[in-house]
Amino acid sequence: METVTKDNSIKITTTYNPKLYDQGISTLRTLIKSRNLGSYSSGLSTTAADYYDPPYDPDSLAQLLELNITHYRCCKVKSSDSAGIGYRVESTDVGEEPPEDEVKKLREFIANISPETGFHEVLETMVMDYESIGWGVLEVIRNRFGEVSSLLNVPAKDIRILKSEERTDFVPEVKYIQKLNADDRRYFLPFPMKYKNGWLNIDPTTGKLGRTWNTSATELIFWKNTHPGVRHYGMPDIIPAL
C-alpha cells in the first residue's frame, strides 16, 4: 500500500499484506485450540486453592507475539507511544507551577528509577505486558525511610491474584504471588500497603509476618486492561480478533 502527498514529494510504502495477516490469525487460532487458550473464565474459577485463574492462559498470550508480526507491532507501537516519548512534570494544583525542589527530587528519582534500565524502558516493558497479556505490573522498592526509591519490571504472565476468602495461613494484606516454578512462589503486597501505617514486614517466601524491612516482601502496582466480564485480571485487545 502506498501513500503520496499532494505535491508528490514524499512517498511512503508499507509492508501490510492482508493475506499474510489472515494466515497469521489462522496460526493464532490453531495455537488457541492446541493450548486451550479459548476456554474463557471470568477469573472466579481456580486450579489452585488460593489464587484466581486468569481468563486466558498468559503464557499462550505471550507466545502470540511470536506468531504474528502485526500483533507484535501493534503492541510495540502502543507501548512506545504511550511510555517512550518523554514526560513533563505538572503540579497537582491546576494552573500552579510545581515547586522547584519537588521537581528536582522527582527528576532525580526518574534518573535512578532502575539499576538496570531507564525510566522509559521500565514503563515500556510494563505497557507491553499490559497490551499483550491484559495487565502489567511494577515492583516498588523502598529505602529505609519508607520512600519509594526504584521501580522494577516483573513478568506479568507470572503474577496471580490471591483469593481473599482463602487467606487463612498468611497475612491478609498480601495480595499477589509470582509463580517461580511448580513449588516456589514469591509474595507481594499491593502498593502502598508496605508503609501505609508504618512498616509491614512480610516474608516473601511464605506470605507470613517476619523479617526486617529490607528483606521483607515488596509491593506491586497492578494495571489491568479492564473488561466487564473479567473481575480480577484484564484482557488484551487481540482477543476479539481471535
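You'll find the structure just up there.
Owing to the predicted nature of the structure, the values given are computational and were not obtained by experimental measurement.

Conventions and cut-offs
- Residues numbered from 1 in each chain as written.
- Predicted model: local features only at pLDDT ≥ 70, side-chain atom pairs only at ≥ 80, totals over all residues.
- Heavy atoms only, no water.
- Phe/Tyr/Trp six-rings, centres within 6.5 Å; stacked < 30°, edge-to-face > 60°.
- Helix = DSSP H or I, 4+ residues; strand = E, 2+ residues; numbered from the N terminus.
- Buried < 20%, exposed > 50% of the residue type's maximum accessible area, 1.4 Å probe, protein only.
- 1 Å grid on protein atoms, 1.4 Å probe; cavity = no way out; pocket = protein on both sides within 12 Å on 5 of 7 lines; lining within 4 Å.
- Points joined across faces, edges and corners; volume = space filled by probe spheres on them.
- Nonpolar A, V, L, I, M, F, W, Y, C, P; charged D, E, K, R; others polar.
- Lys, Arg positive; Asp, Glu negative; His and termini not counted.
- Salt bridge = Lys/Arg side-chain N within 4 Å of Asp/Glu carboxyl O.
- Contact = heavy atoms within 4.5 Å.
- Core = buried A, V, L, I, M, F, W, Y, C linked by side-chain atoms within 4.5 Å.
- Disulfide = S-S within 2.5 Å.
- Pairing = 2+ DSSP bridges.
- Axes fitted to C-alpha atoms, helices over the stretch in contact; angles between N-to-C directions.

S.K.: Got a minute to help me understand the packing of aromatic side chains in this structure?
M.R.: Any aromatic ring pair is given by two values, namely how distant the centres are and how the planes are angled relative to each other. Here the structure, examined in full by the defined rule, presents five aromatic pairs. Note on Trp 135 and Tyr 233: the rings are 4.9 Å apart at their centroids and 50° apart in plane angle, and the pair reads as tilted. Pair noted here: Trp 135 is in strand β3 (residues 135-142) and Tyr 233 is in the segment after β8 (219-224), with a separation of 98 residues, a long-range link. No difference in accessibility class separates Trp 135 from Tyr 233, as the two residues are buried. Joined through ring pairs, the aromatic side chains of Trp 135, Tyr 176, Phe 222 and Tyr 233 make up one cluster.

S.K.: Help me out: how do you make sense of the layout of surface pockets in this one?
M.R.: Empty pockets left among the atoms are what a rolling probe the size of a water molecule brings to light. Roughly 240 Å³ of volume is contained in the second largest pocket. Considering the residues around the second largest pocket, the lining is formed by Val 89, Pro 98, Pro 99, Glu 102, Val 103, Lys 105, Leu 106, Phe 109, Asn 143, Glu 147, Val 148 and Ser 149. Looking at the lining of the second largest pocket, the elements that each hand over two or more residues are α4 (100-111) and β4 (148-153). Take the lining of the second largest pocket: its biggest share by element is five residues, from α4. For the lining of the second largest pocket, a count of residues per class yields seven nonpolar, two polar and three charged.

S.K.: Mind showing me how you'd approach the side chain of Lys 194 here?
M.R.: Tracing the chain through its elements places Lys 194 in the loop between β7 (185-190) and β8. Buried and unpaired, Lys 194 has Glu 219 as its nearest opposite-charge partner, separated by 6.2 Å. With sequence-adjacent residues up to four places away left out, Lys 194 is seen in contact with Arg 142, Leu 189, Trp 199, Leu 200, Trp 213, Ser 216, Ala 217, Thr 218 and Glu 219.

S.K.: What should I look at first to understand the nonpolar core in this one?
M.R.: Nonpolar side chains tend toward joint burial in soluble globular proteins. In this structure, Trp 135, Ile 159, Tyr 176, Phe 222 and Tyr 233 are the most contacted members of the largest nonpolar core, which totals 20 residues. Looking at this core, the elements with two or more residues in it are α2 (58-67), β3, β5 (159-161) and β8. Apart from the residues within four sequence positions on either side, Phe 222 is in contact with Trp 135, Gly 136, Val 137, Ile 159, Ile 161, Tyr 176, His 232 and Tyr 233. Of all hydrophobic cores here, the second largest spans 12 residues; its members include Leu 123, Met 126, Val 127 and Ile 221.

S.K.: Looking at this model, I keep getting lost on the state of the cysteines. Mind explaining?
M.R.: Covalently bonding the sulfur atom of one cysteine to the sulfur atom of another cysteine gives a disulfide. For the coordinates displayed, the defined rule picks out zero disulfides. With no disulfide of its own, Cys 74 lies 6.9 Å from the sulfur of Cys 75, the closest cysteine sulfur.

S.K.: For this particular structure, what's the right way to read unusual backbone geometry?
M.R.: Keep in mind that most residues, glycine aside, have a negative phi and that most peptide bonds are trans. Residues Phe 191 and Pro 192 are joined by a peptide bond in cis, for which omega reads 5°. Position of Pro 192 relative to the elements: it lies in the loop between β7 and β8.

S.K.: In this structure, what is going on with the sheet that holds β5? I would like to understand it.
M.R.: The strands making up a sheet associate through backbone hydrogen bonding, with each pair oriented either parallel or antiparallel. The strand order across the open sheet formed by six strands is β4-β3-β8-β7-β6-β5, and the pairing between neighbours is mixed. Each having just a single partner strand, β4 and β5 make up the two edges of the open sheet. Averaged over all pairs of adjacent strands, the angle between their axes in this sheet comes to 40°, without regard to strand direction. Both β5 and strand β6 (residues 176-179) contribute to a ladder of three bridges, which runs antiparallel. Note that in β6 the partner of Arg 160 across the bridge is Ile 177. Its contacts with the sheet put helix α5 (residues 119-132) on β3, β4 and β8, and the angle it makes with β3 is roughly 145°.

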